[in-house]
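# Examination of the molecular architecture
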Amino acid sequence: MRHLRIDDLPLDLRRRWAAGRVWAAREAPYLASALLALDPVVVDASGEREPMPDLRAFPADQAWHVYIDPRVLFTVEVRELGFWLLHQVSHLLREHAGRFPGPPAPERASARPGGPRTADQRRWNVAGDAEINDDLHTATLELPDSAVHPSRLGLPEGWIAEQYWDALATEPESIAAMPDLDSDCGSGCDGQERSWNRNEPGLSGLSARLLAQETARQIREHTTERGDTPAGWQRWADQVLEPRVNWRRQLAAQVRRGAADVSGRVDFTYRRPSRRASAVPDVVLPSLRQPLPQVVLVIDTSGSMSDSMLGQALAELTGVLRSLGVARRNLRVIACDARAYQVQRVRDLGAIRLEGGGGTDMGAGIDAAAALRPRPDLVIVLTDGYTPWRSEPPPGIRVVVGLMDRRGKTPDWAETVLIDDTGGTRV
Ligand SMILES: [Zn+2]
């Protein structure tokens, strides 16, 4: 299969290509930089024994080459070409290739590179298209008949490709029943080789990431000035510019780190003789005693906290603390509004009495925790952050704040984990 440059094509085809790109940039000005980054590669299969591949979707690869069949370009309408360019740019910006959930390469080894697509590739293509196309279906931009839309799959709009992928698992016939949904979007969609790919370097991974950041900033700007950016693109820009960390993982990591500090303080004690001592009768060996961390949980009960998020945070903490071996006797809980309430020892965190509801002062809760005997090693504070804090940390105690409102404030001397209701399902 030969590759030509766009300049090798007759003038009318070059003009059509340029017109499609201009049309696309006018429809979605915030994607203009990304559209310009597309590098057109003309595929010439004349004189080949193999049939010309189906390039009706103007498939792209991960290096941002976009592949053109001159016969398709000759017949396509400018607005449909523009649609496909916006569509391919969307696959690339949303990194669908890297997200392909199908089996890893070795299992596909039997499938010839560039051979017919596997069922997984087709399913992921439809799922990715469903994620993209509800954001391209705007007042002025109409979907071509062959384009996938969630409504054509009987599924809700606004999902991510992984959700459509899962939903399509139970209805494989919905793909099979619509052969016109079967256009191949190329390696840029699933990361797998295609027969028409020109395996030459194009846009590097780093350049692609910078381009994604630039595009995300343009989306923000466009949203501020014009306000008509599709919701899916706004969510995407938020994720690119402020990647959400998974608070569950982060909270678990902070609590583990706090506990590890304690476990690292191994005592050598002579109180109990080591069992090894019998093997060395004349020497008294110290036995190793690894103390479990004493943990106090301070919960903001001032009334502005959301119950469901508090429930999620407590469920998460229960799991982490149990995995660390923090037994019931090592865990105490203090409810706190403007003052700290009586310390509770609870079998499980779901059984906590949440007293309070007045003003807020988490400093009072931390002071009460620090005054307990045995003294805690780790204090975990769950709060929305609308509270005064002490200027100094309690000496010798590690404090982890689970912050349940991103506008809330936490002190520099504490480790803060932002707990938000998205749960950070995707980064
Ligand atoms: Zn596609």
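Anything mentioned here points back to the structure above.
Residues numbered from 1 in each chain as written. Predicted model: local features only at pLDDT ≥ 70, side-chain atom pairs only at ≥ 80, totals over all residues. Heavy atoms only, no water.

What follows is about the packing of aromatic side chains. Ring pairs (aromatic) are described by centroid distance and by the angle formed between their planes. Taken as a whole and judged by the stated rule, the model has 4 aromatic pairs. The interplanar angle of 70° and the centroid separation of 4.9 Å between the aromatic rings of phenylalanine 83 and tryptophan 84 together place this pair among those described as edge-to-face. Its relative accessible area of 0% is what places phenylalanine 83 among the buried residues. Note on tryptophan 84: relative accessible area 2%, which makes it buried. Aromatic pair tryptophan 124 and tryptophan 165: ring centres 6.0 Å apart, planes at 75°, arrangement edge-to-face. Note that tryptophan 124 is positioned in helix H6 (residues 119-136) and tryptophan 165 in helix H7 (residues 161-169), a separation of 41 residues in sequence. Exposure class is identical for tryptophan 124 and tryptophan 165. Each is buried. (Phe/Tyr/Trp six-rings, centres within 6.5 Å; stacked < 30°, edge-to-face > 60°. Buried < 20%, exposed > 50% of the residue type's maximum accessible area, 1.4 Å probe, protein only. Helix = DSSP H or I, 4+ residues; strand = E, 2+ residues; numbered from the N terminus.)

It is at 8 Å that the axes of helix H1 (residues 11-27) and helix H4 (residues 78-93) come closest, and there the two elements cross at 65°. Here the hand of the crossing between H1 and H4 comes out right-handed. Across from Arg16, Trp17, Ala19, Gly20, Arg21, Trp23, Ala24 and Glu27 in H1, the residues of H4 making contact are Val78, Arg79, Leu81, Gly82, Phe83, Leu85 and Leu86. (Axes fitted to C-alpha atoms, helices over the stretch in contact; angles between N-to-C directions. Left-handed = near helix turned anticlockwise from the far one by under 90°. Contact = heavy atoms within 4.5 Å.)

Turning our eyes to something else, we now look at the sheet that holds strand E6 (residues 295-300). Read from one edge to the other, the open sheet built from 5 strands follows the order E7-E6-E8-E9-E10, with strand pairing classed as parallel. Only two strands of the sheet have a single neighbouring strand rather than two, namely strand E7 (331-336) and strand E10 (415-418). Direction aside, the axes of adjacent strands within the sheet are offset by 20° on average. Where strand E8 (residues 378-383) lies against strand E9 (residues 398-403), 6 bridges are found, and the strand directions are parallel. (Pairing = 2+ DSSP bridges.)

This next bit is on H4. Helix length check: H4, at 16 residues, gives a terminal C-alpha distance of 22 Å against a target of 22 Å (1.5 Å per residue), a fit within 8%. At the C-terminal side of H4, glutamate 95 shows a positive phi close to 55°. (Expected span 1.5 Å × (residues − 1).)

Moving on: the nonpolar core. Of all hydrophobic cores here, the largest spans 59 residues; its most connected members are Phe58, Trp64, Leu73, Leu93 and Trp236. Here this core takes 8 residues from H4, the largest share from any one element. Here tryptophan 64 is in contact with Ala34, Ala37, Leu38, Asp39, Val89, Leu92, Leu93, Leu203, Ala208 and Leu211, once residues within four sequence places are set aside. If you look at the next biggest cluster of nonpolar residues, it comprises 28 residues, including Leu297, Leu382, Val417 and Ile419. (Core = buried A, V, L, I, M, F, W, Y, C linked by side-chain atoms within 4.5 Å.)

Okay, the coordination of the zinc ion next. Only His87 (NE2), His91 (NE2), Asp129 (OD) and Cys185 (SG) from the protein coordinate the zinc ion, and they sit 2.0 to 2.1 Å from it. Considering all 4 donor atoms around the zinc ion, angles at the metal cover 89 to 134° and the coordination shape is tetrahedral. Each donor residue of the zinc ion belongs to the same chain, and together they define the spacing H-x3-H-x37-D-x55-C. One end of the pair, histidine 87, is in helix H4; the other, cysteine 185, is in the loop between helix H8 (172-176) and helix H9 (187-190), and 98 residues separate them in sequence. Cysteine 185 carries the same exposure label as histidine 87, and that label is buried. (Donors = N, O, S within 2.8 Å, 3.2 Å for Na, K, Ca; no water. Tetrahedral: all angles 85-135°; square planar, octahedral: opposite > 155°, others 65-115°.)

Along the chain, histidine 65 turns up in strand E3 (residues 65-68). Using a relative accessible area of 2% as the deciding quantity, one classes histidine 65 as buried.

Moving on, we get to the environment of glycine 188. Its location among the elements puts glycine 188 in helix H9. In this structure, the C-alpha to C-alpha distance between glycine 188 and glutamate 95, residues 93 residues apart in sequence, is 7.7 Å.

Let's shift gears to the pattern of salt bridges. Taken as a whole and assessed by the stated rule, the structure comprises 19 salt bridges. For the salt bridge of arginine 99 with glutamate 131, the shortest nitrogen-to-oxygen distance reads 2.8 Å. One end of the pair, arginine 99, is in helix H5 (residues 96-99); the other, glutamate 131, is in helix H6, and 32 residues separate them in sequence. Neither residue differs from the other here; arginine 99 and glutamate 131 are each classed as buried. For the salt bridge of aspartate 238 with arginine 220, the shortest nitrogen-to-oxygen distance reads 2.9 Å. In this pair, aspartate 238 is assigned in helix H11 (residues 231-241) and arginine 220 in helix H10 (residues 205-225), connecting sequence segments 18 residues apart. Each member of the salt-bridge network shares a partner with another, and the members are Arg94, Arg99, Glu131, Asp135 and Glu162. (Salt bridge = Lys/Arg side-chain N within 4 Å of Asp/Glu carboxyl O.)

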